[in-house]
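# Report on the structure
Next come the chains, spelled out residue by residue.
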Amino acid sequence: MFGMVRPCRHRLGEKLTAQWMAHLCGLCLALRGDHGQLARIVTNYDGLLISVLTEAQSARPDEGRRTAGPCPLRGMRTASVAHGEGARLAAAVSLVLASAKVRDHVADGDGLLARRPVALAARRVAAGWDRAGARTGADIGFDTAVLVDAVDRQTGIETLAGPGTPILTVTEPTETATAAAFAHTAVLAGRPSNAVPLAEAGRLFGRLAHLLDAVEDKDADAASGAWNPLAATGTPLEEARRLADDAVHGIRLALREVEFADGGLAHRLLVHELPNSVNRAFGTVSCAHGSHPYAPPGAPGGPGAPIPPGPPRRDRRGLLAGCAVWLGLACTCQLCCGTYDDPWSREPKQGPCTNCDCSGCGDCCNCCECCNCCGEDGCCSGCDCGCDC
């Protein structure tokens, strides 16, 4: 699972977590439904934002939901999941951009892709994803050629880039691709007036994604000799951080111009979670979460506190069924970073990293003080954070 917007369940809260999971599952199922089981491996956290934005603008969001059957990744539970044009657009974009990523790794000869037979197979898979994404895009009125063109131009720009080349010259193709995808959500939702501000938000989101990817890979690229935009252009980390912070601020301003029917989740992900992504990439995460910010370790509700045992359960799963559920939980990181039911006994458990990597909400508020941030004088006054207070 990849993507820079990886929200913490404790910060989202129960309501927004359920919505977020609905879009994540919806993207996965849209990929399977249109393109087969293999396509599900391109499911990613950033791609589901397309589905989130489409539903957020829809006057009738319930029409974009359906009940999905049991799945090992959900502990064999049914769930309400997003479906329809927003999920299909997210699937098309994810396929085309994942195809580009595969071709990029093949060109760099990364890992097993340095072997000719493996590289050949990877190219065939990537070409199939390109065609599949184009078919789905055409069905919903989105021309994926703008994405393919951006990917093709990226290679040429990187070849010509050197010391002194503005880093924004390198990020431009990514900005163009994400701007087109964000803007098309307004078309699907029947709100064409939103296309311009969403294109601006998408452009800045693409810039941010490219910058953070470069920052996170900088050391590894230096060790392996791989091309890195920051090293190639001589851009210092301080300048990359300034551009990242500016992009976050620009996205916040652009979203103020968007007319949402229910923008709670979109606002939370794109306004509050993006600063956390920047902090994580630059290594400035500074706090860990607990059920209460002031409770001492081990105290009720504090970090490290055990989950109170629930009533005994008799409906244990068998060996094979439990193994299937365990594999699903491991693939979605819930075994490490979330709360979950034991795959066999169904008892509530908490992952060892549950209290890790939960940065503060940027320059705004923390997750336990939602009312303070959404009140009359709060930083989110006048917008829908999804708070219930």
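The present account deals with the structure reproduced in this document. (Residues numbered from 1 in each chain as written. Predicted model: local features only at pLDDT ≥ 70, side-chain atom pairs only at ≥ 80, totals over all residues. Heavy atoms only, no water.)

## Concerning the side chain of Asp 130
Short version of the rule: Starting at the N terminus, helices and strands are each numbered in turn, a helix being any DSSP run of H or I of at least four residues and a strand any DSSP run of E of at least two. Whenever a nitrogen or oxygen atom comes within 3.5 Å of another N or O atom, the pair is scored as a polar contact, on the condition that within protein one atom can donate a hydrogen and the other can accept it, and that pairs from neighbouring residues in sequence are kept only if both atoms are in side chains. We call two residues in contact whenever any of their non-hydrogen atoms come within 4.5 Å of each other.
Within the fold, Asp 130 resides in helix 4 (residues 116–139). Side-chain polar atoms of Asp 130 contact the side chain of Arg 103, separated by 2.6 Å. The contacts of Asp 130, once residues within four sequence positions are left out, are Val 96, Ser 99 and Arg 103.

## Focus on the nonpolar core
In a soluble, globular protein the nonpolar side chains are often hidden away together inside. Rules: Throughout this description, the term nonpolar core refers to a set of buried Ala, Val, Leu, Ile, Met, Phe, Trp, Tyr and Cys residues connected via side-chain atoms within 4.5 Å. The buried label applies to any residue whose accessible area, calculated with a 1.4 Å probe on protein chains only, is under 20% of its type's maximum; exposed applies above 50%, and partly exposed to all values in between.
By size, the foremost hydrophobic cluster in this structure holds 78 residues, and its most contacted members are Trp 20, Phe 205, Leu 208, Leu 270 and Leu 274. Leu 208 has contacts with Met 4, Ala 244, Ala 247, Val 248, Leu 274 and Val 278, leaving out every residue within four places of it along the chain.

## Overview of the environment of Ser 99
With respect to the element layout, Ser 99 can be found in helix 3 (residues 85–108). When its relative accessible area of 0% is taken as the criterion, Ser 99 is described as buried. Here the alpha-carbon distance between Ser 99 and Gly 128, two residues 29 residues apart in the chain, equals 8.4 Å. If near-sequence neighbours (up to four positions away) are discounted, Ser 99 is found in contact with Ala 126, Ala 127, Trp 129 and Asp 130. Polar contacts involving the side chain of Ser 99 include one to the side chain of Arg 103, which spans 2.7 Å.

## Some remarks on the packing of aromatic side chains
Keep this limit in mind: The pairing test for Phe, Tyr and Trp rings, Trp by its six-membered ring, is centres within 6.5 Å, and the orientation test on the planes gives stacked under 30 degrees, edge-to-face over 60, and tilted for anything in between.
Summed over all chains, the structure comprises two aromatic pairs. Taking the centre distance of 5.4 Å and the plane angle of 35° together, the rings of Trp 20 and Tyr 45 count as tilted. With Trp 20 in helix 1 (residues 9–35) and Tyr 45 in the loop between helix 1 and helix 2 (48–57), the pair connects residues that are 25 residues apart, well separated along the chain. Each member of the pair, Trp 20 as well as Tyr 45, is classed as buried. Here Phe 182 and Phe 205 contribute two aromatic rings whose centre-to-centre distance is 5.5 Å and whose plane-to-plane angle is 35°, an arrangement assigned as tilted. Residue Phe 182 is found in helix 6 (residues 167–188), and its partner Phe 205 is found in helix 7 (residues 195–224); the two are separated by 23 residues along the sequence. Note on accessibility: Phe 182 and Phe 205 belong to one class, buried.

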